[in-house]
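Architecture at a glance
The primary structure of each chain is shown beneath.
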Amino acid sequence: MTALLLGALGLTLSLVVPGSLAAARWPARAPAAAVALWQSITLTGILCALGVVLAGPQELVEELGSGKPAGAAALVAALVVAALIIVRLLVSLAGVTYRSRTRRARHRLLVDLLDDAERHGELPAEVPEGLRVLDGPLPFAYCLPGRSPRVVLSGGALRVLDRAQVAAVIAHEQAHLRHRHDLVMESFTAFHRAVPRPLRSRVPLDAVHLLLEMVADDAARRRCGAAPLRSALAVLGDAVGPDGPRPGDSGSRDAARPGGPGSRDAAQPGGAGARRRGGPGEAGVRDPGGAEDGGGAGAERRQRIDRLDGPDPRSSMWTVAATLMAVGLLVLPTVIVVVPWLDRALSAWPL
Amino acid sequence: MALGDLEREVMQQLWDAGEPLTVRQVHDRLSRERDLAYTTVMTVLDRLAKKKVVTQQKTDRAYRYAPAQSREEMTAALMLDALSAAPDGVRDAALAHFVGRIDPSALTAAIEAARRGPAGS
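From a predicted model like this one, the values you see are computed outputs, not experimental measurements.

What counts as what
- Within any chain, residue numbers begin from 1 and follow the written order of that chain's sequence.
- The lettering of chains begins at A and the numbering of ligands begins at 1, in the order of writing.
- Thresholds applied to this predicted model are a pLDDT of at least 70 for local features of residues and 80 or more for the giving and counting of side-chain atom pairs; totals over whole chains, interfaces and linings are not thresholded and use all residues.
- Strands are runs of DSSP state E lasting at least two residues, helices are runs of H or I lasting at least four, and both sets are numbered from the N terminus onward.
- Exposed residues have 12 or fewer other C-beta atoms within 10 Å of their own C-beta, buried residues have 20 or more, and partly exposed residues fall in between, where C-beta atoms are placed from the backbone.
- Contact between two residues is assigned whenever their backbone-derived C-beta positions fall within 7 Å.
- By this definition, two strands are paired if DSSP reports at least two bridges between them.
- Axes, fitted as lines to C-alpha atoms, cover a helix only where it is in contact. Angles between the N-to-C directions of the axes lie from 0 to 180 degrees.
- Here roughly perpendicular refers to angles of 65 to 115 degrees, roughly parallel to angles under 35, roughly antiparallel to angles over 145, and oblique to all remaining angles.
- Here a crossing is taken to be left-handed if its near helix is turned anticlockwise relative to the far helix by less than a right angle, and right-handed if that turn runs clockwise.
- Basically, the charged four are Asp, Glu, Lys and Arg, the nonpolar ten are Ala, Val, Leu, Ile, Met, Phe, Trp, Tyr, Cys and Pro, and anything else, Gly included, counts as polar.
- A residue's pLDDT is simply how confident the predictor is in it, with values from 0 to 100.
- UniProt positions are given in the numbering used here, feature names are shortened, and annotations may be inferred rather than shown by experiment.

1. Concerning the overall build of chain B
Secondary structure summary: chain B contains 5 helices and 4 strands in total. Listed N to C, the secondary structure of chain B is α-β-α-α-β-β-α-β-α in terms of helices and strands. Burial statistics for chain B: of 121 residues in total, 43% are counted as buried. Considering only contacts within chain B whose residues lie at least 6 apart along the sequence, 49% involve residues at least 24 apart.

Take a look at the structure:
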């Protein structure tokens, strides 16, 4: 019974809950706590799988003893699936971690060699450690997490942004680095890849990504104010990701793919983006990278810009509520396992 | 001076030279501005060769070093690595971008411009 209960909870958490949480509006008011809740949902799902593995065999014997082949078969299936999921998770986590470490190390080496910061007088007065400028007309900014992190701005970005905007972008990226958002994204990516392809959902991945951006936005807002961050988002967003469809983009994307780092998965059939097309373009259900990346990024950017309008949207009530939900959820599988045991133990207590 | 800065300056010398240089030649060029041990330059070149960003060729008695890619090629490769989407569409966890991904057609154009040479920036 315990195994089936845990299985039901796990299925609810992986099939039903993500959709409604991604569609909810309150996470924007407590992004950090909402990330914790997503983590709790994912982790609890995994704990449920583990619980099925652990509780399954004993119950299987009981079922076999009482001679109910259907129940036994269900438990065997649950056991096999759960064990598979755990092995896949570990393999996936190791793979994602290894790939991003090597890619970052190589990227860091090259960006250090190509750094052009000395030539740019328009940088803020106190240039933070680890800031690199990559020469090129395209305006963009990103950070390279890790033990020796970098914030990279392109020459193009420095040309289109003013000093206050540059400071806001740097503050945003530094918040990502300081809070190790890369580890959060890596764990969700690993989980995503561990799920068998037909069952995979991008919903948690995209929702968490947006929430982490909001967390970094909030940190940058505290340091530099909302206005420069908001205008930097608008300026850089217009430059890199025009909304709406673009002709022939998957072709040019394939042509542009290098033989360099990150291309080892390139053996997969093309058109992956197109296959997943068709999700509604609303909040949290954005489309995958690839064909409609600009659209997904555009929706994400609009939400972030809207959020920076007006007063600080964060609410301590929602933060507390989400945190309590996250903790409660994590405890639930343990309760499901412990309660029957406690029940039996108490009934055996000689009183 | 940090090792990273020295690596960058050595690379700059190799790119500016336009021909393979010996350790001695790199050392001479760098020592114009400051004191630098010959062995330090040798170590740096060796490290860069191990990281495959410079190539090492044996001519006569001395090793000559050349950049594996021109500065423009390396910039283009780096931009591509930073900005192109992961092949299976899963957002890559390795880097975090300020605003989403770049428009692929703009990216291709920019890469082409970078490959042709410094784009007036």
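2. Describing the overall build of chain A
In terms of helices and strands, chain A carries 12 helices and 3 strands. Out of the 351 residues in chain A, the part that is buried amounts to 44%. Contacts spanning at least 24 positions in sequence make up 69% of the contacts within chain A whose residues lie at least 6 apart.

3. Quick word on the sheet that holds strand E3 (residues 150–154) of chain A
Sheet architecture is open: 4 strands sit in the order E1(A)-E3(A)-E2(A)-E4(B), paired in mixed fashion. Two strands close off the open sheet at either side, each with one partner strand: strand E1 (131–134) of chain A together with strand E4 (96–97) of chain B. Pairing of strand E2 (residues 141–144) of chain A with E4(B), which is carried by 2 bridges, proceeds in the antiparallel orientation. Looking at E4(B), one finds that A:Tyr142 is bridged to B:His97.

4. Concerning the packing of helix H5 (residues 163–178) of chain A against helix H7 (residues 203–224) of chain A
When two helices pack together, you describe them by how their axes are tilted relative to each other and by the distance separating the axes. Residues and elements named next belong to chain A. Between H5 and H7, whose axes approach to 8 Å, the crossing angle comes to 135°. One element, H5, and the other, H7, form an angle in the oblique class. Here H5 and H7 pass one another in a crossing that is right-handed. Judged by residue contacts, Ala164, Ala167, Ala168, Ala171, His172, Ala175 and His176 of H5 engage Val215, Ala216, Asp217, Ala219, Ala220, Arg223 and Cys224 from H7. Tallied by class, the residues present in the contact of H5 with H7 amount to 10 nonpolar, 2 polar and 2 charged.

5. Notes on the confidence of the model for chain B
Predicted coordinates in regions of low pLDDT should not be interpreted in detail. Residues and elements named next belong to chain B. Of all residues in chain B, 76% have pLDDT values of 70 or greater, and the mean over the chain is 81. Mean pLDDT across the elements of chain B bottoms out in helix H5 (residues 104–116) (68) and peaks in helix H3 (residues 38–50) (93). For this predicted complex, the interface confidence comes out at an ipTM of 0.84, alongside a pTM of 0.79.

6. Quick notes on the environment of A:Gly95
Residues and elements named next belong to chain A. Counting through the fold element by element, Gly95 comes out in helix H3 (residues 69–114). In this structure Gly95 comes out as partly exposed when scored by C-beta crowding, with 14 C-beta atoms within 10 Å. Each C-alpha atom of the pair Gly95 and Ala190 lies 7.9 Å from the other, and the pair is 95 residues apart in sequence.

7. Some thoughts on the UniProt feature "domain: Peptidase M48" (unreviewed entry) in chain A
The UniProt record annotates "domain: Peptidase M48" (unreviewed entry) at residues 133–188 of chain A. Between the C-alpha atoms that bound residues 133–188 of chain A the distance is 30 Å, and the span itself is 54% helix and 20% strand.

8. Looking at the UniProt feature "transmembrane region" (unreviewed entry) in chain A
The sites that UniProt annotates as "transmembrane region" (unreviewed entry) are residues 72–98 and 317–342 of chain A. Strand forms 0% of residues 317–342 of chain A and helix 100%; the C-alpha atoms that close the span are 35 Å apart.

9. Focus: the pairing of strand E3 (residues 62–67) of chain B
All names here are of chain B. Where strand E1 (residues 21–22) meets E3, 2 bridges bridge the pair, whose relative direction is antiparallel. What sits directly across from Thr22, in E3, is Arg64. The antiparallel hairpin formed by strand E2 (residues 54–59) and E3 contains 2 residues in its connecting segment, where Asp60 sits at a positive phi of about 50°.

10. Re unusual backbone geometry
Of note, A:Arg180 is a non-glycine position whose phi angle comes to about 50°, a positive value. By secondary structure assignment, the location of A:Arg180 is in the loop between H5 and helix H6 (181–194). A count of 13 C-beta atoms within 10 Å places A:Arg180 in the partly exposed class. A positive phi angle is found at B:Lys52, which is not glycine, with a value near 65°.

11. Considering the packing of helix H1 (residues 3–17) of chain B against H3(B)
Residue and element names in this part refer to chain B. Their axes nearest at 10 Å, the elements H1 and H3 cross at an angle of 80°. One element, H1, and the other, H3, form an angle in the roughly perpendicular class. Taken together, the residues of H3 that come into contact with H1 (itself represented by Leu6, Glu7, Val10 and Met11) are Val41, Val44, Leu45 and Leu48. Residues of the contact of H1 with H3, tallied by class, amount to 7 nonpolar, no polar and 1 charged.

12. Quick look at the sheet that holds E1(B)
All names here are of chain B. Pairing is antiparallel in the open sheet, where 3 strands are placed in the order E1-E3-E2. The two strands at the open ends of the sheet, each matched to only one other strand, are E1 and E2. Contacts from H3 reach E2 and E3, with the element oriented near 115° to E2.

13. Concerning the confidence of the model for chain A
All names here are of chain A. On average, chain A scores 79 in pLDDT, and the residues at 70 or more come to 78%. Averaged over each element, pLDDT in chain A is lowest for helix H10 (residues 272–275) (37) and highest for H5 (94). A low-confidence stretch, residues 243–294 stays under pLDDT 50, and its non-local contacts, those more than four residues away or across chains, total 105 contacts.

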